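Commentary on secondary and tertiary structure
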Protein chains: 4
Amino acid sequence: MTSERPLAPELQVQRWFNTPTPITLAGLRGKIVVLHAFQMLCPGCVAHSIPQAKKLHEIARGGGVQVLGIHTVFEHHEAMTPVSLEAFLHEYRIAFPVAVDAPGEGRPIPKTMADYGMRGTPTTIVIDPAGRIARHSFGAEDDLAFGLFLGDLAAARSGALPAAEAGICKIDEGCA
Amino acid sequence: MTSERPLAPELQVQRWFNTPTPITLAGLRGKIVVLHAFQMLCPGCVAHSIPQAKKLHEIARGGGVQVLGIHTVFEHHEAMTPVSLEAFLHEYRIAFPVAVDAPGEGRPIPKTMADYGMRGTPTTIVIDPAGRIARHSFGAEDDLAFGLFLGDLAAARSGALPAAEAGICKIDEGCA
Amino acid sequence: MTSERPLAPELQVQRWFNTPTPITLAGLRGKIVVLHAFQMLCPGCVAHSIPQAKKLHEIARGGGVQVLGIHTVFEHHEAMTPVSLEAFLHEYRIAFPVAVDAPGEGRPIPKTMADYGMRGTPTTIVIDPAGRIARHSFGAEDDLAFGLFLGDLAAARSGALPAAEAGICKIDEGCA
Amino acid sequence: MTSERPLAPELQVQRWFNTPTPITLAGLRGKIVVLHAFQMLCPGCVAHSIPQAKKLHEIARGGGVQVLGIHTVFEHHEAMTPVSLEAFLHEYRIAFPVAVDAPGEGRPIPKTMADYGMRGTPTTIVIDPAGRIARHSFGAEDDLAFGLFLGDLAAARSGALPAAEAGICKIDEGCA
């Protein structure tokens, strides 16, 4: 089944944030790459997919999963420049590497976005350790279903979030 | 590592709901069992762990994961009888099998709850295909972290939730 | 306009919780009464209307607004007895007075529920200082719209919730 | 008590969005003005205060309440220019009038923000019909408490949100 997966095109990047050196998919062979394509002014990205990517980066770091962001601006280009993106990454405390997709030549859709055939933002693409596309989804992924997929794809787990205590009931203490 | 996991004690059950015949852990060898211990009047169970169990039951059915509920009443016993539980399961549309934990003899904590050393509700216990306890957590599990764990434990995935479209931005259509 | 409002029928109550003595609408003339009709196993009540009633009780106490609950059981009567309700009120930390609606004679709908023509739960009824019905709504009320209505009805305000600091940006300190 | 309220300083505005002609507080005497100060990259503004302002604009229009936004950029000025703000207002579907606060001369805090002594964003300021400051809060306001305050301040209500039906229980139909 793995052999049927299409090869993931290499990223085409104007510039990077949150990494000292440029990153390539070729250099990440052996890892699972979760590529979050977003626009900083996309409401669904801000509300759902970026928090999910931040959480995944937090719990899966060191565990064979690399979270990458890519800023795929296809509208309002003048409003979402790298200068604005840099402040956005700071204010939203985004710590994983983020690429600025290379501008399309003569058209609004940037190059990586076009190469992957993305339909809009947010788009989440999972690339397997062999560099092939294992999942491509448009819209907000459910956390539980996405976790099951990723965990199944490889030994993805390497951390855990502490269980929340809101509303729990303890023996001898009653409910919080 | 698997061999270090403790064997999961067999469930001790007063009666079952949502299953035509009684279920045993012994009969589920080869599957991953996710055992959700709850009380119907536990706020954290109602708000978090029961919705998670329902979602897991929905997306993991057929995929080697069996979701079981167990009603582990350790306080207000007269308020959470099987009669009340039955209405609760109906109103909250809980479709997975639910056991009523066997009452403790001379003490408020029921038998299965005591055998597993549970500290309260909600408690989530994951039992591996060999019948050993792979995870025991008290409180609300994060969906993403729990999904990663389960997916990693076995080929747990067999379904997916559709991506949500709230706030997405489509090429040529703008943001929803 | 006030004169066009229908008079609120007196409550018909089997028993009270959270009050040392029985309460009557007649005894609350001069105050705004917010009557929350609920069932302890109604999911929308637990998720939305009871938290709203608790918050209103907290911020409007002393300010001319009296929050009352009424347990209007019209189905699964044996599952939602006063014994179960008492534990529910304890576990969900409900501190405002709660009436148990008087059982219907020969039919499942209890008396107060029938007198008010309620269609189900949750139902929220606002009674003005003259004892007339100013609002009758079925389903979950939006907090902002409901607050505007209540505040407009009378000098309802007497407290405030502190502003939340999640995500705020402070001068000289940046964003939290 | 009204006489003790400080006069609201006139807005100092670089440019307006969502209004054909400039707006002044002087021109709004007789109305309640709810002034939402925000930055487009402030997470708490995007998550809480802007949705609240949008909802208030929706339900209170025509009812003597005027919602105004003011973009009070005090950091990352080059990232939150009017060009970026215009796209933000479009993507987040913000329809109420929004002012761009006049830049501070020789300092990062813009003029209106300084005149009001705002501490950061989000800040919500309520101006009474006489042009005096009735409320000044920093952080996210609770919907219910804010609604009570506004409704009490004047005949603020002129609309209502329909009650939500999630989880309701209907007589003869059971729970949704």
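Residues numbered from 1 in each chain as written. Chains lettered and ligands numbered in written order. Predicted model: local features only at pLDDT ≥ 70, side-chain atom pairs only at ≥ 80, totals over all residues. Heavy atoms only, no water.

1. Thoughts on the confidence of the model for chain A
Per-residue pLDDT for chain A averages 90, and the proportion of residues at 70 or more is 92%. In the model output, the complex is listed with pTM 0.89 alongside ipTM 0.87. (pLDDT = per-residue confidence, 0-100.)

2. Focus: the interface of chain D and chain B
Of the residues lining the interface, four residues belong to chain D; the matching set on chain B comes to four residues. Here chain D and chain B share an interface that buries about 390 Å² over both sides, 43% of which is from carbon and sulfur atoms. When residues of chain D are sorted by the area they lose upon contact with chain B, Glu91, Arg93 and Cys175 of chain D head the list and together hold 85% of the total. Scanning the region where chain D abuts chain B turns up zero salt bridges. Connecting chain D to chain B are zero residue pairs in polar contact (both at pLDDT 80 or more). (Contact = heavy atoms within 4.5 Å. Buried area = accessible area lost by both parts, 1.4 Å probe. Salt bridge = Lys/Arg side-chain N within 4 Å of Asp/Glu carboxyl O. Polar contact = N/O pair within 3.5 Å; in protein donor to acceptor, adjacent residues only side chain to side chain.)

3. Regarding the interface of chain C and chain D
On the chain D side, the residues contacting the 49 residues of chain C number 48 residues. Buried surface at the junction of chain C and chain D, both sides included, amounts to about 3900 Å², of which 67% is carbon and sulfur. The residue Lys55 of chain D makes a salt bridge to Asp142 of chain C at a minimum N-O spacing of 2.7 Å. Scanning the region where chain C abuts chain D turns up 10 residue pairs in polar contact (both at pLDDT 80 or more). The element best represented in the side of chain C that touches chain D is helix α4 (residues 143-153) of chain C, accounting for 10 residues. Residue composition of the side of chain C that touches chain D, by class: 30 nonpolar, 10 polar and nine charged. Of the strand pairs in this sheet, strand β8 (residues 169-170) of chain C and strand β5 (residues 120-121) of chain D are connected by two bridges, and their pairing is antiparallel. Across the sheet, Cys169 of chain C pairs through a bridge with Thr121 of chain D, a residue of β5 of chain D. (Helix = DSSP H or I, 4+ residues; strand = E, 2+ residues; numbered from the N terminus. Nonpolar A, V, L, I, M, F, W, Y, C, P; charged D, E, K, R; others polar. Pairing = 2+ DSSP bridges.)

4. Regarding helix α1 (residues 43-60) of chain A
Helix length check: α1 of chain A (18 residues) gives 25 Å between terminal C-alpha atoms against 26 Å at 1.5 Å per residue, within 8%. Most pronounced at Ser49 of chain A, the bend in α1 of chain A amounts to some 35°, and the proline Pro51 of chain A follows within four residues. (Expected span 1.5 Å × (residues − 1). Bend = angle between axes of the 7 residues up to and from the residue.)

5. A few points about unusual backbone geometry
Of the consecutive residues Thr121 of chain B and Pro122 of chain B, the connecting peptide bond is found in the cis state with omega at -5°. Within the secondary structure layout, Pro122 of chain B lies in the loop between β5 (120-121) and β6 (123-127). Backbone geometry places Asn18 of chain B, a non-glycine residue, at a positive phi of 65°. Turning to its location among the elements, Asn18 of chain B is positioned in the loop between β1 (13-17) and β2 (32-38). One non-glycine residue with positive phi stands out, namely Arg93 of chain C, at about 55°. Take Arg93 of chain C: it is sitting in the loop between α2 (82-91) and β4 (98-101).

6. What to know about empty space enclosed by the protein
Evaluation of the coordinates by the stated rule reveals three cavities of 30 Å³ or more. Of the pockets and cavities examined, the largest cavity occupies roughly 40 Å³. Taken together, Met40, Leu41, Val46, Phe88 and Tyr92 of chain A together with Met40, Leu41, Val46, Phe88 and Tyr92 of chain D make up the lining of the largest cavity. Counted by class, the lining of the largest cavity contains 10 nonpolar, no polar and no charged residues. (1 Å grid on protein atoms, 1.4 Å probe; cavity = no way out; pocket = protein on both sides within 12 Å on 5 of 7 lines; lining within 4 Å. Points joined across faces, edges and corners; volume = space filled by probe spheres on them.)

7. Digging into the pairing of strand β4 (residues 98-101) of chain A
All names here are of chain A. Side chains Val98 and Val100 project from β4 onto one buried face, and the interleaved Ala99 and Asp101 project onto a second face that is buried too. Here four bridges tie strand β1 (residues 13-17) to β4, and the two strands are oriented antiparallel to one another. When the bridges of β4 are listed, Val13 appears paired with Asp101. Assessed by its sense of winding, the connection that carries the chain from strand β3 (residues 65-71) through helix α2 (residues 82-91) to β4 is right-handed. (Buried < 20%, exposed > 50% of the residue type's maximum accessible area, 1.4 Å probe, protein only. Right-handed = clockwise from strand over helix to strand, strands pointing away.)

8. Things to note about the sheet that holds β1 of chain A
All names here are of chain A. Ordered in space as β1-β4-β3-β2-β6-β7, the six strands form an open sheet in which the pairing is mixed. What marks the edges here is a single partner per strand, and that holds for β1 and β7 (133-138). In this sheet, neighbouring strand axes are inclined to one another by 20° on average, regardless of whether the strands run parallel or antiparallel. Across seven bridges, the pairing between strand β2 (residues 32-38) and β3 is parallel. What sits directly across from Val34, in β3, is Val67. Sitting on the sheet, α1 touches β2 and β3, and the angle it makes with β2 is about 155°. Together, β2, β6 (123-127) and β7 form the strand contacts of helix α4 (residues 143-153), whose direction differs from that of β6 by roughly 15°. (Axes fitted to C-alpha atoms, helices over the stretch in contact; angles between N-to-C directions.)

9. Some words on the packing of aromatic side chains
Summed over all chains, the structure comprises eight aromatic pairs over all chains. On the numbers, 4.7 Å between centres and 35° between planes, the contact of Phe88 of chain A with Tyr92 of chain A is tilted. Residue class for Phe88 of chain A comes out buried when judged on its relative accessible area of 1%. An aromatic cluster of at least three residues, connected via ring pairs, comprises Phe38, Phe88 and Tyr92 of chain A. Above the ring of Phe149 of chain D, the side-chain terminus of Arg135 of chain D is found at 4.5 Å from the ring centroid. (Phe/Tyr/Trp six-rings, centres within 6.5 Å; stacked < 30°, edge-to-face > 60°. Lys NZ or Arg CZ within 6 Å of the ring centre and 35° of its normal.)

10. A word on the relation of the copies chain D and chain B
Note on the identical chains: chain D maps onto chain B by a rotation of 180° and an axial translation of 0.0 Å, with an RMSD of 0.0 Å. Taken together, the rotation and translation relating the two chain copies correspond to the operation of a two-fold axis. Rotation axis and chain D: the residue whose C-alpha lies nearest the axis is Ala166 of chain D, separated from it by 8.8 Å. Interface overlap between copies is the fraction of interface residues in one copy that are interface residues in the other; for chain D against chain B it reaches 100%, indicating a shared surface. (Least-squares fit on C-alpha atoms with pLDDT ≥ 70 in both.)

11. Some details on the layout of surface pockets
Sizing a probe to match a water molecule and rolling it over the atoms shows the empty space that remains. Each pocket or cavity is described by its volume, and for the largest pocket that value is around 350 Å³. Broken down by secondary-structure element, the contributors of at least two residues to the lining of the largest pocket are α1 (43-60) of chain B together with α1 (43-60) of chain C. Considering every element that reaches the lining of the largest pocket, the biggest residue donor is α1 of chain B, with six residues. Partitioning the lining of the largest pocket into residue classes produces 11 nonpolar, no polar and three charged. The volume enclosed by the second largest pocket comes to roughly 230 Å³. Along its surface, the second largest pocket is lined by 13 residues, and Tyr92 of chain A, Gly167 of chain C together with Pro43, Gly44 and Ala47 of chain D are the ones closest to its centre. Among the elements of the structure, α1 of chain A together with α1 (43-60) of chain D are those that each provide at least two residues to the lining of the second largest pocket. In terms of residue count, the dominant contributor to the lining of the second largest pocket is α1 of chain D (five residues). Class assignment of the residues belonging to the lining of the second largest pocket gives a composition of seven nonpolar, three polar and three charged.

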